[in-house]
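# Structural overview
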There are 2 protein chains.
Amino acid sequence: MNKNDIKEAGLKITQPRVQILKILETSKEKHFSAEDLYQLLREEDSKIGLATIYRVLTQFETAGLVIRHNFEGGQAVFELDKGEHHDHIVDMKNGKIIEFHDEIIEQRQIEIAKEHGYKLLDHSLILYAEPE
Amino acid sequence: MNKNDIKEAGLKITQPRVQILKILETSKEKHFSAEDLYQLLREEDSKIGLATIYRVLTQFETAGLVIRHNFEGGQAVFELDKGEHHDHIVDMKNGKIIEFHDEIIEQRQIEIAKEHGYKLLDHSLILYAEPE
DNA sequence: CTCAGTGCAAACTATTTGCAGATTT
DNA sequence: AAATCTGCAAATAGTTTGCACTGAG
């Protein structure tokens, strides 16, 4: 459960961290900007500062609990790292985000890096699309 | 030649625009941040302001002369749009940027979008890698 | 009790914008 | 001359940091 994740990250179990993690884990939405979280927490109750949210998210990212994405449009977007790697389709019409995973592309990326004399460390693939 | 490109974009042929376009066309490097261009222009001679560079790059982007990339690390990176689409490998060791194009991945992306009921508008694929 | 964590305000970075004067056509 | 463009400084947006206080262990 979530409190353990925080502890294993070497962080104290504080209210802001627990609350942020809970939202990330239990919301139907999966992708949040720092501002999104700030609003949600505000609606609930807590007066957690935006700075704290950024600090906590960065710590979570370092701990591997969370992944940071840089989609178009300024704000970074965070999601829980469930270990199952995936890429994203960004619905330009509704702003929705769809996750997908494709082995063909994954493999091809590794090969391409190798063909150029490189070892693939990470990648970012974002499809910008609109409903058909 | 470059001046024509500017005119066709519906823009006046001004010194800043010509100089910026020349750098983009003639440097061995192909990827520049606004700040990079600012420094290069500064070294040459001109006292073109950073704001102008941003304005010109945005206009060039709108005109389809230039492509803007959001790699990791804050600054947007611009490159001339030569019409030949490609993606990028970012060498995390030396900061070098390698271009590649892979039809397998290109096709797969279209299919994936379609499988999810979408029409692919654009995409961003960046491989972060280190020399083997 | 101690040290990590937090809120708030101030600082920063990348980029954009308003405006008066300079350029292009 | 008319309209567009530019430089500069000020404004924004997103994120980070310093510091005195709070709270977890």
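Residues numbered from 1 in each chain as written. Chains lettered and ligands numbered in written order. Predicted model: local features only at pLDDT ≥ 70, side-chain atom pairs only at ≥ 80, totals over all residues. Heavy atoms only, no water.

- An unreviewed UniProt entry lists chain A under the name Ferric uptake regulation protein, from Cocleimonas flava.
- You can read under Subunit (unreviewed entry) in the UniProt record for chain A the words "Homodimer."
- Turning to chain A, the UniProt annotation filed under Subcellular location (unreviewed entry) states: "Cytoplasm". (UniProt positions renumbered as here; feature names shortened; annotations may be inferred.)

## Here we look at the relation of the copies chain A and chain B
- For these two chains of identical sequence, chain A goes onto chain B by a turn of 180° and a shift of 0.0 Å along the axis, with RMSD 0.1 Å. In the structure described here, the two chain copies are related by an operation that fits a two-fold rotation axis. Scanning chain A for the C-alpha nearest the rotation axis identifies Leu125 of chain A, at a separation of 2.2 Å.
- Comparing interface residues between copies, 100% of those in chain A also sit at the interface in chain B, which points to an isologous, same-surface contact. (Least-squares fit on C-alpha atoms with pLDDT ≥ 70 in both. Contact = heavy atoms within 4.5 Å.)

## Here we look at the sheet that holds strand β3 (residues 87-91) of chain A
- One open sheet accounts for six strands, arranged β4(A)-β3(A)-β5(A)-β5(B)-β3(B)-β4(B); its pairing is mixed. Edge strands, defined here as strands with exactly one partner in the open sheet, are β4 (97-100) of chain A together with β4 (97-100) of chain B. Within the sheet, the average angular offset between the axes of one strand and its neighbour, ignoring direction, is 25°.
- Relative to strand β5 (residues 118-131) of chain B, strand β3 (residues 87-91) of chain B is paired through four bridges, and the arrangement is parallel. Along β5 of chain B, the bridge assignment pairs Val90 of chain B with Tyr128 of chain B.
- Along the sheet face, helix α5 (residues 103-115) of chain A touches β3 and β5 (118-131) of chain A together with β3, β4 and β5 of chain B and points at about 135° away from the line of β5 of chain A.
- The strands touched by helix α5 (residues 103-115) of chain B are β3, β4 and β5 of chain A together with β3 and β5 of chain B; relative to β5 of chain B, the strand with the most contacts, the crossing angle is about 135°. (Pairing = 2+ DSSP bridges. Helix = DSSP H or I, 4+ residues; strand = E, 2+ residues; numbered from the N terminus. Axes fitted to C-alpha atoms, helices over the stretch in contact; angles between N-to-C directions.)

## Some remarks on the protein's contact with DNA strand D
- By nearness alone, 19 residues border DNA strand D, and Tyr54 of chain A together with Thr14, Arg17, Thr52 and Arg55 of chain B come closest of all.
- The sugar-phosphate backbone supplies 70% of the atoms of DNA strand D found within 4 Å of the protein.
- At 3.2 Å from a phosphate oxygen of DNA strand D is found a side-chain nitrogen or oxygen belonging to Gln75 of chain A.
- In this structure, Gly49 of chain B approaches DNA strand D through a main-chain N or O atom, which is 3.2 Å from a phosphate oxygen.
- Among the secondary structure elements, those contributing two or more residues to the surface near DNA strand D are α4 (50-62) of chain A together with α2 (15-26) and α4 (50-62) of chain B.
- For the surface near DNA strand D, the class distribution of residues is eight nonpolar, five polar and six charged. (Near = heavy atom within 4 Å. Polar contact = N/O pair within 3.5 Å; in protein donor to acceptor, adjacent residues only side chain to side chain. Nonpolar A, V, L, I, M, F, W, Y, C, P; charged D, E, K, R; others polar.)

## A word on the environment of Leu57 of chain B
Residues and elements named next belong to chain B.
- For Leu57, the position within the fold is in helix α4.
- We classify Leu57 as buried; its relative accessible area is 0%.
- The sequence separation of Leu57 and Ile98 amounts to 41 residues, and the corresponding C-alpha distance is 22 Å.
- Residues in contact with Leu57, not counting those within four places in the same chain, are Ile20, Leu24, Ala34, Leu37, Val66 and Phe78. (Buried < 20%, exposed > 50% of the residue type's maximum accessible area, 1.4 Å probe, protein only.)

## Focus: empty space enclosed by the protein
Residues and elements named next belong to chain A.
- Enumeration over the complete set of coordinates arrives at one cavity of 30 Å³ or more.
- Put simply, the largest cavity is a space of about 40 Å³.
- Lining the largest cavity are Ile67, Leu80, Asp81, Lys82, Gly83, Glu84, His85 and His86.
- Within the lining of the largest cavity, the residues separate by chemical class into two nonpolar, three polar and three charged. (1 Å grid on protein atoms, 1.4 Å probe; cavity = no way out; pocket = protein on both sides within 12 Å on 5 of 7 lines; lining within 4 Å. Points joined across faces, edges and corners; volume = space filled by probe spheres on them.)

## Re the side chain of His31 of chain A
Residues and elements named next belong to chain A.
- Within the secondary structure, His31 sits in the loop between α2 (15-26) and α3 (34-44).
- A distance of 3.4 Å separates the side chain of His31 from the side chain of Glu79, its partner in a polar contact.
- Within the structure, the side chain of His31 is placed 3.5 Å from the side chain of Glu99, a separation counted as a polar contact.
- In contact with His31, not counting residues within four places along its chain, are Asp36, Val77, Phe78, Glu79, His88, Ile97 and Glu99.

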